[in-house]
Amino acid sequence: MLPHQRIAGRERRTFHWRTASPWTTCVRVACCSRLRFMWFALMVLTVLCVALQMLGVVRQARSSKVLKLVSEQLVGMPSEMHRPVKRKDWGNVWSVSAAIVEEPLEQQPFIQRKDKSENPHSEEGRDQVLEDTRKTLSSTTKAAPAIEGNKLWLDQDFPNQPQRPAFPKRTPEIKKPPPSDDKTDTHTVKSLVDDTVMCQPKNHIVFLKTHKTASSTILNILYRYGENHNLTFALPLNMHSQLFYPAFFAAHFVEGVRTHSVKEFHILCNHMRFSSQEVRKVMPKDTFYFSILRNPVAMMESLFVYYKAIPAFRAVKSLEEFLIQGGRSYNASVPNNHYARNILTFDFGLDNTAPENDTELNKRSAEVIAAVEHDFPLILISEYFDESLVLLKHALCWSLDDVLSFRLNSRSERSRRPLSAEIAERLKEWNSLDWRLYQHFNATFWKRIDSTLGRAKLQQEVELLRAKRRKLEQMCLQEGGAVDPAQVQDSSLKPFQYGAAVIQGYNLRLGLNNDTRQLCHRLITPELQYTSALYTKQFPQLAAAHASAAKKIAASRNTAVHRAVKRNIETNVHTAMMNNTSHNNTNKVSVDEQLTRFS
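Residues numbered from 1 in each chain as written. Predicted model: local features only at pLDDT ≥ 70, side-chain atom pairs only at ≥ 80, totals over all residues. Heavy atoms only, no water.

**Quick notes on the state of the cysteines**
Working step 1: According to the stated counting rule, one finds 2 disulfides in the structure shown.
Working step 2: Here Cys199 engages in a disulfide with Cys397; their sulfurs sit 1.9 Å apart. Here the S-S torsion is close to 75°, and the disulfide linking Cys199 with Cys397 is therefore right-handed. With Cys199 in the loop between strand E2 (196–198) and strand E3 (205–208) and Cys397 in the loop between helix H13 (385–396) and helix H14 (421–430), the pair connects residues that are 198 residues apart, well separated along the chain. Comparing Cys199 with Cys397, the two get one shared label, buried. (Disulfide = S-S within 2.5 Å. Helix = DSSP H or I, 4+ residues; strand = E, 2+ residues; numbered from the N terminus. Buried < 20%, exposed > 50% of the residue type's maximum accessible area, 1.4 Å probe, protein only.)

**Section: the confidence of the model for the protein**
Working step 1: In this model, the protein carries an average pLDDT of 77, and 65% of its residues clear a pLDDT of 70 or more.
Working step 2: The model gives residues 74–123 a pLDDT under 50, and that stretch makes 110 contacts with residues more than four places away or in other chains.
Working step 3: The model gives residues 581–599 a pLDDT under 50, and that stretch makes 17 contacts with residues more than four places away or in other chains. (pLDDT = per-residue confidence, 0-100. Contact = heavy atoms within 4.5 Å.)

**Comments concerning the environment of Arg509**
Working step 1: Along the chain, the position of Arg509 falls in the loop between helix H16 (455–476) and helix H17 (514–524).
Working step 2: As a C-alpha pair, Arg509 and Met475 span 34 residues in sequence and 7.4 Å in three-dimensional space.
Working step 3: Residue contacts for Arg509: discarding those within four places in its chain leaves Gln474, Met475, Cys476, Leu477, Gln478 and Arg517.
Working step 4: Only 3.0 Å separates the side chain of Arg509 from the backbone oxygen of Gln474, close enough to count as a polar contact. (Polar contact = N/O pair within 3.5 Å; in protein donor to acceptor, adjacent residues only side chain to side chain.)

**Points about the packing of helix H6 (residues 215–228) against helix H18 (residues 527–538)**
Geometrically, a packed helix pair is captured by the angle between its two axes and the distance between the axes.
Working step 1: Between H6 and H18, the least distance of the axes is 11 Å, while the angle of their chain directions is 25°. Accordingly, the angle class assigned to the pair H6 and H18 is roughly parallel. The two elements H6 and H18 meet at a crossing, and its hand is left-handed. Between H6 and H18, the residues in contact are Ser216, Leu219, Asn220, Tyr223, Arg224 and Glu227 and Glu527, Tyr530, Thr531, Leu534 and Lys537, respectively.
Working step 2: Taken together, the residues of the contact of H6 with H18 sort by class into 4 nonpolar, 3 polar and 4 charged. (Axes fitted to C-alpha atoms, helices over the stretch in contact; angles between N-to-C directions. Parallel < 35°, antiparallel > 145°, perpendicular 65-115°, else oblique. Left-handed = near helix turned anticlockwise from the far one by under 90°. Nonpolar A, V, L, I, M, F, W, Y, C, P; charged D, E, K, R; others polar.)

**Quick word on the sheet that holds strand E4 (residues 267–268)**
Working step 1: Reading across the sheet, the 4 strands line up as E4-E3-E5-E6 and stay open at both edges, with parallel pairing between neighbours. Bordering the open sheet on either side are E4 and strand E6 (378–381), each of which pairs with just one other strand.
Working step 2: Two strands pair when backbone bridges link them, and strand E5 (residues 288–293) and E6 are joined in this way by 4 bridges, in the parallel orientation. In the strand pairing of E6, Leu293 is matched with Ile381.
Working step 3: Where H6 meets the sheet, it contacts E3, E4, E5 and E6, and its direction lies at approximately 160° from that of E3. (Pairing = 2+ DSSP bridges.)

**A closer look at H14**
Working step 1: Listed in full, the buried residues belonging to H14 are Ile423, Ala424, Leu427 and Trp430. With its buried residues spanning 120° around the axis, H14 presents them on a single face. Among the exposed residues of H14, those pointing more than 90 degrees away from its buried face are Ala421, Glu422 and Glu429.
Working step 2: Of the surrounding elements, those touching the buried residues of H14 are helix H8 (296–306), helix H10 (319–324) and helix H15 (432–452). (Arc of directions from axis to C-beta.)

**Some points on the UniProt feature "transmembrane region" (unreviewed entry) in the protein**
Working step 1: In the UniProt entry, the feature "transmembrane region" (unreviewed entry) is given for residues 37–58.
Working step 2: For residues 37–58, helix accounts for 100% and strand for 0%, while the C-alpha atoms at its two ends are 32 Å apart. (UniProt positions renumbered as here; feature names shortened; annotations may be inferred.)

**Examining the pairing of E5**
Along any regular strand the residues' side chains alternate between the sheet's two faces.
Working step 1: Within E5, 6 of the 6 residues are buried, which leaves it mostly tucked inside the rest of the structure.
Working step 2: Along E5, one buried face is formed by Phe288, Phe290 and Ile292 and the opposite face, lined by Tyr289, Ser291 and Leu293, is buried too.
Working step 3: Direction of pairing for E3 relative to E5: parallel, over a ladder of 4 bridges. In the strand pairing of E5, Phe207 is matched with Phe290.

The following block contains the structure:
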């Protein structure tokens, strides 16, 4: 029998559950159980997470719309300006922003004018985009352009500012300022709003390197730009200096194509005979193509001196004699004779045989010009080299510093010969296709300048380019200019000598610091040495293998030569001993001495 207290407690509990309402009972069962409580808490957390995710999606959608508008307005910003900005560089960023506002638009080299009709945004939309961009720049450091030190990408220097200048604010009342007669008003902030857009530097480039046209200097410019920006070159296979010229270019002539060891090529610029279809197998679709021409009269004089050993020139003493004979020694089917006639047409991958009939010649010249225009949007002119560099700078959206250069692979004045007017006319007839090609693109060269830069603007930039070059010459060069190869002190900087031409080189000034010396060294490095250095940098293992193979070949050649010379000495001495037996002992000593010295 249970105690009285226990019976009373059980009766109270029974009465409690029986008298409680159903809703109270359900709540107690659902909430008081531990497992059920945990389930309820997880459900609440799940609902909160879903709500936060939906809120994030909404905010991201709104941000993407703003970023889309900003990207459309600031399209093409230079790659150098997209890196994150360090906190210590913020003063420079604001200094640059203020300087861009105050400087004339003509002094901003990466800004190109654009007609108002081409601007797809309305005035209100542009104002809103600029206001959003200003707020973004003020609130975060992630989207700000990176500027190294105090050097702006536009090649303008600004001093450090102790305080960050305020960014110019746009107010709704001055969306469209009234026109003013004061010309200084055009220097206010209207970049990126009305008639200007940002251009992006081109990194995919094909340069058709033609012969004796100052193309080695252009090659050096491309080499330095690519190396400074860590670009990949389409270099010749097996460490060659040319892309198997004079054969038509083929994609597998480029190192890394067959092995697929290179994912993307940026610059193709070594000697080749152009083949559009094959080049496009190597280079991306957005590649920019350009080349350079020279007056065939002066070019032919240089070709004759440099390639005097080819069959067409070998039998004559002078270029005048070759032309007076009507090119009798020229045979197009003989190897290397392509240098002797219409070599520009040949380099562009076209038939360089000129028709005899004037009608056919005109037709053929038109076809050659059309083919070149189709593949090359820009043709430079060697006689106007500095003007060509300025035009190239704008076409590639580079700075003047990017196209600074010294003349490379240039002949000494001692090896140059003036040509008479009669010989010049004969050369125009002999190189009739090249002459008409040059005439056409010389005319279009100046038309392009007139339609884009204008003569006054061109002259300003040419003078600035020449001033920068003079400053570099004073800083880098020992003699202030080029010297004959015998006077080049560093053997690694001696240019390759070929034919009867005397190719000049340079000597570096002593006492340069490391950075300056590196810059100057690249400016004067000859073509063959620079190509080899870039190959070693891009393909270190292949370069080491080639160097090892070259050493083995050289050693085997030296061994073979050593044996041949030794046999020759022994044979000569033995013959002498047979002819003069009275000097056997002396001759024997002579043999031993000669073999000892040779060994």
